[in-house]
Amino acid sequence: MDVSFERTGERGYATVVTLPGRAPRRMDPAPGYDEDIPHDLVHYMVEAELGLAHAVYGRALAGGGSFRETVEAPGDRRRRARAQRRLNRREAALRRGHHADMATSEHFASICDIAWRRRAGARPPEGAERRHIPEEDIAKVGRVLDRLDAAAPLWRAVPVGGSLTFTWPRTTANPPR
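Predicted, not measured: the structure shown is a model, and the values here were computed from it. (Residues numbered from 1 in each chain as written. Predicted model: local features only at pLDDT ≥ 70, side-chain atom pairs only at ≥ 80, totals over all residues. Heavy atoms only, no water.)

## Observations regarding the overall build of the protein
A count of helices and strands for the protein gives five helices and five strands. Listed N to C, the secondary structure of the protein is β-β-β-α-α-β-α-α-α-β in terms of helices and strands. For the protein, the proportion of contacts with a sequence separation of at least 24, taken over those separated by at least 6, is 63%. Surface exposure of the protein reaches about 9800 Å², of which carbon and sulfur atoms provide 52%. (Helix = DSSP H or I, 4+ residues; strand = E, 2+ residues; numbered from the N terminus. Contact = heavy atoms within 4.5 Å. Areas by Shrake-Rupley, 256 points an atom, 1.4 Å probe, with all protein chains shown as cover.)

What follows is the structure, encoded as structure tokens:
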């Protein structure tokens, strides 16, 4: 599965997942735009580096997640509604029994985002100064920060209309097309 982070405007981006043989699915707008490193890219690096197979991107690979199909059948609202209901049922099934990976992804995305901003000299979110990294998480956070260090300059170089693409679960970006 390819995962693209597409710069859609001066202060906006979309996250696009493309499985072989299937139409791309998008989250547009995606949450947490940042010119240094957007929120979904932090999640991607956390999940890929820590091997979280049942969080955002693992669920997308399994056909779930909050990504929406980009191909629509003109005038066929019922087909689209059925497809959306199927996707919602699939996502609900994937959530059952896999709360741990999603909670782990949220935990590490939050602390890695703050730690990376501190390390890069960027402004961390409000309240971040009170956050510390638990001792047992330091090694994992360090691994993710190394990945974010490599991805940030690539993201900053993406022009409006361009994208940065990874093949799940690789943390090295695909060559530009």
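## A word on the pairing of strand 1 (residues 2–9)
Of all eight residues in strand 1, six are buried, a share of seventy percent or more. Across seven bridges, strand 1 lies against strand 2 (residues 12–18) in antiparallel orientation. Paired with Asp-2 across the strands is Thr-18, a residue of strand 2. What sits between the antiparallel neighbours strand 1 and strand 2 is a turn of two residues. (Buried < 20%, exposed > 50% of the residue type's maximum accessible area, 1.4 Å probe, protein only. Pairing = 2+ DSSP bridges.)

## Regarding the sheet that holds strand 5 (residues 163–167)
If you trace the five strands from one edge of the open sheet to the other, you get 4-3-2-1-5, paired in antiparallel fashion. Where the open sheet ends on each side, the last strands, each with one partner, are strand 4 (68–69) and strand 5. Bridging between strand 3 (residues 25–27) and strand 4 involves two bridges; their strand directions are antiparallel. Considered in strand 4, the bridge of Arg-25 is made with Glu-69.

## Examining empty space enclosed by the protein
For the coordinates displayed, the defined rule picks out one cavity of 30 Å³ or more. As for the largest cavity, its lining consists of Ile-111, Ile-114, Ala-115, Arg-118, Arg-131, His-132 and Ile-133. Tallied by class, residues from the lining of the largest cavity come to four nonpolar, one polar and two charged. (1 Å grid on protein atoms, 1.4 Å probe; cavity = no way out; pocket = protein on both sides within 12 Å on 5 of 7 lines; lining within 4 Å. Points joined across faces, edges and corners; volume = space filled by probe spheres on them. Nonpolar A, V, L, I, M, F, W, Y, C, P; charged D, E, K, R; others polar.)

## With respect to the layout of surface pockets
In this structure, the largest pocket occupies an estimated 320 Å³ of space. In terms of lining, the largest pocket is formed by 13 residues, of which the most central are Ser-163, Leu-164, Thr-165, Pro-175 and Pro-176. Only strand 1 and strand 5 provide two or more residues apiece to the lining of the largest pocket. Counting residues per element, the lining of the largest pocket draws most heavily on strand 5, at three residues. Its residues assigned to classes, the lining of the largest pocket shows six nonpolar, five polar and two charged.

## Considerations on the side chain of Asp-34
Among the structural elements, Asp-34 can be located in the loop between strand 3 and helix 1 (39–50). There is a polar contact of 3.3 Å between the side chain of Asp-34 and the side chain of Arg-117. In this structure, Asp-34 is in contact with Arg-117 and Trp-155, ignoring residues within four places of it in sequence. (Polar contact = N/O pair within 3.5 Å; in protein donor to acceptor, adjacent residues only side chain to side chain.)

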